[in-house]
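Residues per chain are reported as follows:
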Amino acid sequence: MRLSARVDYALRAAAELAVAGDGPVTAEQLARAQAIPGKFLENILTQLRRAGLVRSQRGPVGGYWLARPAGEISLADIIRAVDGPLANVRGERPEHVDYDGAARSLQQVWIALRASERAILEGVNLQHLVTNELPEQVRSLAEDPESWVNHTHR
């Protein structure tokens, strides 16, 4: 799985907003806190606002804040807002690609890959992230990444 800089920055900025609470945080404060290029961050925040994940206010006391509680915004929500669908093949959903001959089973692999990505990215929300209380499945995979591989190859 390849995550773009845009996704990385969006997740980091959203985490900062999650710990900031209800008050507005300026784009400059977010950029400084996570060492994100300011102009790049402004575009990302616009995308997050359009997706209904953050709200904004202009003016001297303006800034950004989460539109919903951190526990209700999954990492998948943020990724989709800035990069589109979690897994696609040549811009298509895995269910819409067909292969012939020896490659016929590839479609099933892409569907399974998307399902495993979704299980993790939809199961982790900003609250999990900022409190460092990740779901057990994620923690155990992170502590022993080979466990799933070894389990499936027995």
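Structure shown above.
Because the structure is predicted, anything quoted here is derived from the model rather than measured. (Residues numbered from 1 in each chain as written. Predicted model: local features only at pLDDT ≥ 70, side-chain atom pairs only at ≥ 80, totals over all residues. Heavy atoms only, no water.)

Engineer: Help me out: how do you make sense of the overall build of the chain in this one?
Structural biologist: Within the chain one finds eight helices and two strands. Listed by position from the N terminus, the elements making up the chain come as α-α-α-β-β-α-α-α-α-α. Its C-alpha atoms put the chain at 60 × 30 × 25 Å along the principal axes. For the chain, the residues scored as buried account for 32% of the 154 residues in total. If you take every contact in the chain between residues at least 6 apart in sequence, the share linking residues at least 24 apart comes to 55%. (Helix = DSSP H or I, 4+ residues; strand = E, 2+ residues; numbered from the N terminus. Buried < 20%, exposed > 50% of the residue type's maximum accessible area, 1.4 Å probe, protein only. Contact = heavy atoms within 4.5 Å.)

Engineer: Could you clarify how one ought to interpret the nonpolar core in this entry?
Structural biologist: As a rule of thumb, nonpolar side chains are buried together in soluble globular proteins. Leu 17, Leu 41, Leu 45, Leu 48, Leu 66, Ile 78 and Leu 126 are the most contacted members of the largest nonpolar core, which has 34 residues in total. Looking at this core, the elements that each hand over two or more residues are α1 (5–20), α2 (27–34), α3 (38–50), β2 (63–66) and α4 (75–83). No other element matches α1, which puts eight residues into this core. When neighbours within four sequence positions are excluded, Leu 41 is seen to be in contact with Ala 13, Ala 27, Leu 30, Ala 31 and Ile 36. (Core = buried A, V, L, I, M, F, W, Y, C linked by side-chain atoms within 4.5 Å.)

Engineer: Whenever I open this one, the packing of α3 against α4 confuses me. Can you help?
Structural biologist: Helix-helix packing is described using two parameters, namely the angle between the two axes and the distance between the axes. Two numbers describe how α3 lies on α4: the axes approach to 9 Å, and their chain directions differ by 115°. One element, α3, and the other, α4, form an angle in the roughly perpendicular class. Taken as a pair, α3 and α4 cross one another with a handedness that is right-handed. Residue-level inspection shows Ile 44, Gln 47 and Leu 48 of α3 in contact with α4, the latter providing Ile 78, Ala 81 and Val 82. (Axes fitted to C-alpha atoms, helices over the stretch in contact; angles between N-to-C directions. Parallel < 35°, antiparallel > 145°, perpendicular 65-115°, else oblique. Left-handed = near helix turned anticlockwise from the far one by under 90°.)

Engineer: Just to check I follow, could you spell out the environment of Gly 38 for this structure?
Structural biologist: Relative to the helices and strands, Gly 38 is located in helix α3. Along the backbone, Gly 38 and Glu 28 are 10 residues apart, and their C-alpha atoms lie at a distance of 6.5 Å.

Engineer: What should I look at first to understand unusual backbone geometry in this one?
Structural biologist: Glycine aside, negative phi is the norm for most residues, and most peptide bonds take the trans geometry. Of note, Ala 35 is a non-glycine position whose phi angle comes to about 50°, a positive value. By secondary structure assignment, the location of Ala 35 is in the loop between α2 and α3. Not every positive phi belongs to a glycine, and Asn 132 is a case in point at roughly 55°. Exposure remark for Asn 132: the relative accessible area of 63% places this residue in the exposed category.

Engineer: What is the right way to read the pattern of salt bridges from this model?
Structural biologist: Pairs can form between side chains of opposite charge once their charged atoms are near each other. This structure, assessed with the given rule, holds six salt bridges. Of the charged contacts in the structure, one is a salt bridge between Asp 8 and Arg 12, with a shortest N-O distance of 2.8 Å. With Asp 8 and Arg 12 both in helix α1 and four residues apart, the pair spans about one turn of that helix. In this structure Asp 8 comes out as partly exposed when scored by relative accessible area, which is 35%. For Arg 12, a relative accessible area of 24% puts it in the partly exposed group. Arg 68 is the partner of Asp 77 in a salt bridge, and the nearest nitrogen-oxygen pair spans 3.3 Å. On the accessibility criterion, Asp 77 (25% relative accessible area) is partly exposed. (Salt bridge = Lys/Arg side-chain N within 4 Å of Asp/Glu carboxyl O.)

Engineer: How should I be thinking about the packing of aromatic side chains in this particular structure?
Structural biologist: Geometrically, a pair of aromatic rings is defined through the distance of the ring centres and the angle of the planes. Considering all chains together, one arrives at one aromatic pair under this definition. Centre to centre, the rings of Tyr 9 and Phe 40 are 5.3 Å apart; their planes meet at 85°, and the pair counts as edge-to-face. Here Tyr 9 is found in helix α1, whereas its partner Phe 40 is found in helix α3, with 31 residues between them in sequence. (Phe/Tyr/Trp six-rings, centres within 6.5 Å; stacked < 30°, edge-to-face > 60°.)

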